[in-house]
Amino acid sequence: MSQKPATIKEIAKRLNVSVSTVSRALHNHPSIGLRTKMQVQKLAEELNYEPNQAAISFKQGKTSTIGVILPNLREEFFSTAINGIEDIAIHNSYTVLIGQSRDDVEREKKLVDTMRKHRVDGLLVSLSKNTVDYEHFEALKKYGIPVVFFDRVPNLDDAYTVSCDLKDSSEKLVDWLLAQGHTKIGFIKGPESMTASQDRLQGYLHALEKNKLPQVPGYIVQTNLEKEETQQAIQQLLSLPERPTAVIAFNDYITLDAIKFSRALGLKINKDIYFVSYANLPVTSYLDDRPLASVEQFPYEQAEKATEMLLQLINQKAEEIEEKRVVMSGEVVANEPSLKGG
């Protein structure tokens, strides 16, 4: 039968000293003599004593736990982000509690409430695609639970956020395609509810204007990120009388769905139609038909920075945070040798 870890009270009783003396001895308090300190620490080791973390947390008013709410861990972007979160958290002796919203607002709200009830010290969030009301996050303020958003972030002036500059990234993609000879560039945008969708689109439109390219009717289509809608979106583009030669898609997953549908229509990828995207997922390197280029959004670094920011807020060091809204530059990564378009 396994032996239960000893308590401070048990150590105190065996040595016939007070509980406070044992506590001070275990923490090397200078008021405790060397002989007593050594006796206490020796017995504690023999009895496999471990500090009662629950009692310490209660006394300090902290649980040394941070909550994380993500859309879906199935996506490689978010699983990579978790690595960044855990590395910083563990280095700072924090435990990570993870929940998936699966892009469901009601589920996201329940997770926020669950995290609150578990008394997390702070919360890291990447929003669901349908979140437009942030009241469930605002409510955490009265409990003293800070929130930092990353990647999918709200358009709130007082929010702490870490994200990639998607407007600039879209411009870079258009410029990159132009350098490959493409002037007929389609665009698959995401849900209207997502700030990221609007940012991507604004960058695309600005790049067309900057390069004096016309905004062609029908070249902008939309998906709610589900396969069926993505199929409809790419079908709209491919059925145009003068279809685009290259398409910028919302992310690599949307691109892979669009590639699959295009291929089913008999088109040769990166010959009859070209795709570029966002996220630069490593898994695409194993595919024959892959995006020609993709924007690296640095999920590990985003999550790492967001976690550092959250820990500063937890430890009431907000004044040390240089920027409330950190925006990282994306980088266009070519996935194979450039091929000229038409």
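Above this text you will find the structure in question.
Cut-offs and rules
- Residues numbered from 1 in each chain as written.
- Predicted model: local features only at pLDDT ≥ 70, side-chain atom pairs only at ≥ 80, totals over all residues.
- Heavy atoms only, no water.
- Helix = DSSP H or I, 4+ residues; strand = E, 2+ residues; numbered from the N terminus.
- 1 Å grid on protein atoms, 1.4 Å probe; cavity = no way out; pocket = protein on both sides within 12 Å on 5 of 7 lines; lining within 4 Å.
- Points joined across faces, edges and corners; volume = space filled by probe spheres on them.
- Nonpolar A, V, L, I, M, F, W, Y, C, P; charged D, E, K, R; others polar.
- Pairing = 2+ DSSP bridges.
- Axes fitted to C-alpha atoms, helices over the stretch in contact; angles between N-to-C directions.
- Contact = heavy atoms within 4.5 Å.
- Expected span 1.5 Å × (residues − 1).
- Buried < 20%, exposed > 50% of the residue type's maximum accessible area, 1.4 Å probe, protein only.
- Arc of directions from axis to C-beta.

Observations regarding the environment of Q236
For Q236, the position within the fold is in helix α10 (residues 227–238). A sequence separation of 116 residues divides Q236 from V120, and the C-alpha atoms of the two residues are 46 Å apart.

Some remarks on empty space enclosed by the protein
Enumeration over the complete set of coordinates arrives at 1 cavity of 30 Å³ or more. Taken as a whole, the largest cavity holds about 180 Å³ of empty space. The wall of the largest cavity is formed by 17 residues, among which D151, R200, F250, N251 and Q297 lie closest to the centre. Contributing elements (two or more residues each) for the lining of the largest cavity: α5 (76–91), α9 (195–210) and α11 (252–264). Tallied by class, residues from the lining of the largest cavity come to 10 nonpolar, 2 polar and 5 charged.

A look at the sheet that holds strand β8 (residues 246–248)
Strand order in the open sheet made by the 6 strands is β7-β6-β8-β9-β10-β12, with mixed pairing throughout. Every other strand in the sheet has two partners, leaving β7 (220–222) and β12 (331–334) as the edge strands with one partner each. On average, each strand axis in the sheet is tilted by 20° relative to the strand beside it, whichever way the strands run. Helix-sheet contacts for α11 involve β6 (185–189), β9 (274–278) and β10 (293–296), and the interaxial angle to β9 is about 160°.

Some points on the environment of I82
Tracing the backbone through its elements, the reader meets I82 in helix α5. Separated by 221 residues in sequence, I82 and A303 have C-alpha atoms that sit 7.2 Å apart. Residue contacts for I82: discarding those within four places in its chain leaves V68, L70, L73 and I98.

Regarding helix α3 (residues 34–46)
Taking 1.5 Å of rise per residue, the 13 residues of α3 would be expected to cover 18 Å, and the 18 Å separating its terminal C-alpha atoms lies within 8% of that figure. Looking only at α3, the buried set comprises K37, V40, L43 and A44. Viewed end-on, α3 has its buried residues packed into an arc of 140°, placing them on one side of the element. What points out from α3, more than 90 degrees from its buried face, is the exposed set L34, R35, M38, K42 and E45. Elements that come into contact with the buried residues of α3 comprise α1 (8–15) and α2 (19–26).

Notes on the sheet that holds strand β4 (residues 147–150)
What the 6 strands build is an open sheet, ordered β2-β1-β3-β4-β5-β11; its pairing is parallel. Edge positions in the open sheet fall to β2 (95–100) and β11 (325–328), since each of these has one partner strand only. Across this sheet, the average inter-strand angle for adjacent strands is 15°, counted without regard to direction. Sheet topology places strand β1 (residues 65–70) next to strand β3 (residues 122–125); 4 bridges connect them, and they run parallel. If you follow G67 over to β3, its bridge partner there is L123.

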